[in-house]
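Examination of the molecular architecture
One-letter residues, chain by chain:
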Amino acid sequence: MLHLASKSPRRRALLARLGVDFGLLDVDVPELRAPGESPEGYVARVAREKAGAGLLRVVAVPGAVVLGSDTEVVLDDEVFGKPADAAQAEAMLRRLSGRTHRVLTAVSVVSAGREESATVATDVVFATLSDDDIADYVASGEPMGRAGAYAIQGGAERFIGRIAGSYSGVMGLPLHETAGLLRGFGIHARTPRSGGGA
Ligand SMILES: Cc1cn([C@H]2C[C@H](O)[C@@H](COP(=O)(O)OP(=O)(O)OP(=O)(O)O)O2)c(=O)[nH]c1=O
């Protein structure tokens, strides 16, 4: 049985698009980048820690497989996680304005005897935002709880002209790579018969 170690409703909806059955595990892993840790190393470690924390909870269940994931926004080697408040959200959006940044999403799938992971990088070209754009977007509340203070699948869609990489990866779970990892655990994605769409 597959378990998703995540509190994110977006990850739940994305994983459901693969047409696989899964349970949910509520895990809390501190997201703190160690000094000198690369952005890639950091997202991969946090995803592994989320999956590992989940596995501890279901390790007694025969055949348990746990998926954990982490998404971060990277600009100039600086990692933007989720903003703590509106002021931080505004500061992040100011930094992203008119620049191309990279979104990293790591996925880790673990069972009692196996561990597989993948990290997907997507370059996102952001428009130059006016003060009004930023104030309006922050006031919508959408930046909160999202890496880099934006949601490509929401209001920030109009700020993004182009991406190179994985759209689902930017949203929080790269589905192509996730399906590949799950296959290695004998879990096969299929087209959902109902729901699972946009
Ligand atoms: C860049 C971007 C991020 N996000 C979200 C995806 C993730 O939920 C969040 C990044 O935070 P994460 O720490 O990766 O995940 P989380 O805390 O929401 O959930 P959990 O750790 O319990 O699995 O930002 C979007 O929804 N849209 C976007 O365009």
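Residues numbered from 1 in each chain as written. Predicted model: local features only at pLDDT ≥ 70, side-chain atom pairs only at ≥ 80, totals over all residues. Heavy atoms only, no water.

In the nomenclature of an unreviewed UniProt entry, the protein chain is known as dTTP/UTP pyrophosphatase of Luteimonas granuli. The UniProt entry for the protein chain carries this comment under Cofactor (unreviewed entry): "a divalent metal cation". (UniProt positions renumbered as here; feature names shortened; annotations may be inferred.)

**Digging into the pattern of salt bridges**
This model, assessed by the stated rule, comprises 16 salt bridges. Arg45 serves as the salt-bridge partner of Glu37, at 2.6 Å between the closest nitrogen and oxygen. Neither residue differs from the other here; Glu37 and Arg45 are each classed as buried. We note a salt bridge from Arg99 to Asp76, for which the minimum N-O separation is 2.9 Å. Residue Arg99 is found in the loop between helix H3 (86-96) and strand S5 (100-111), and its partner Asp76 is found in the loop between strand S3 (65-75) and strand S4 (78-80); the two are separated by 23 residues along the sequence. By relative accessible area, Arg99 is classed as partly exposed at 34%. Sharing partners across several salt bridges, the network here consists of Glu31, Lys50, Asp70 and Lys82. (Salt bridge = Lys/Arg side-chain N within 4 Å of Asp/Glu carboxyl O. Buried < 20%, exposed > 50% of the residue type's maximum accessible area, 1.4 Å probe, protein only. Helix = DSSP H or I, 4+ residues; strand = E, 2+ residues; numbered from the N terminus.)

**A few points about the pairing of strand S1 (residues 2-5)**
Burial along S1 is two-sided: the face carrying Leu2 and Leu4 and the face carrying His3 and Ala5 are both buried. Bridge count between S1 and strand S2 (residues 22-25): four bridges; the pairing is parallel. Bridge assignment links Leu2 to a residue of S2, and that residue is Phe22. Note on the crossover from S1 through helix H1 (residues 9-16) to S2: the handedness is right-handed. (Pairing = 2+ DSSP bridges. Right-handed = clockwise from strand over helix to strand, strands pointing away.)

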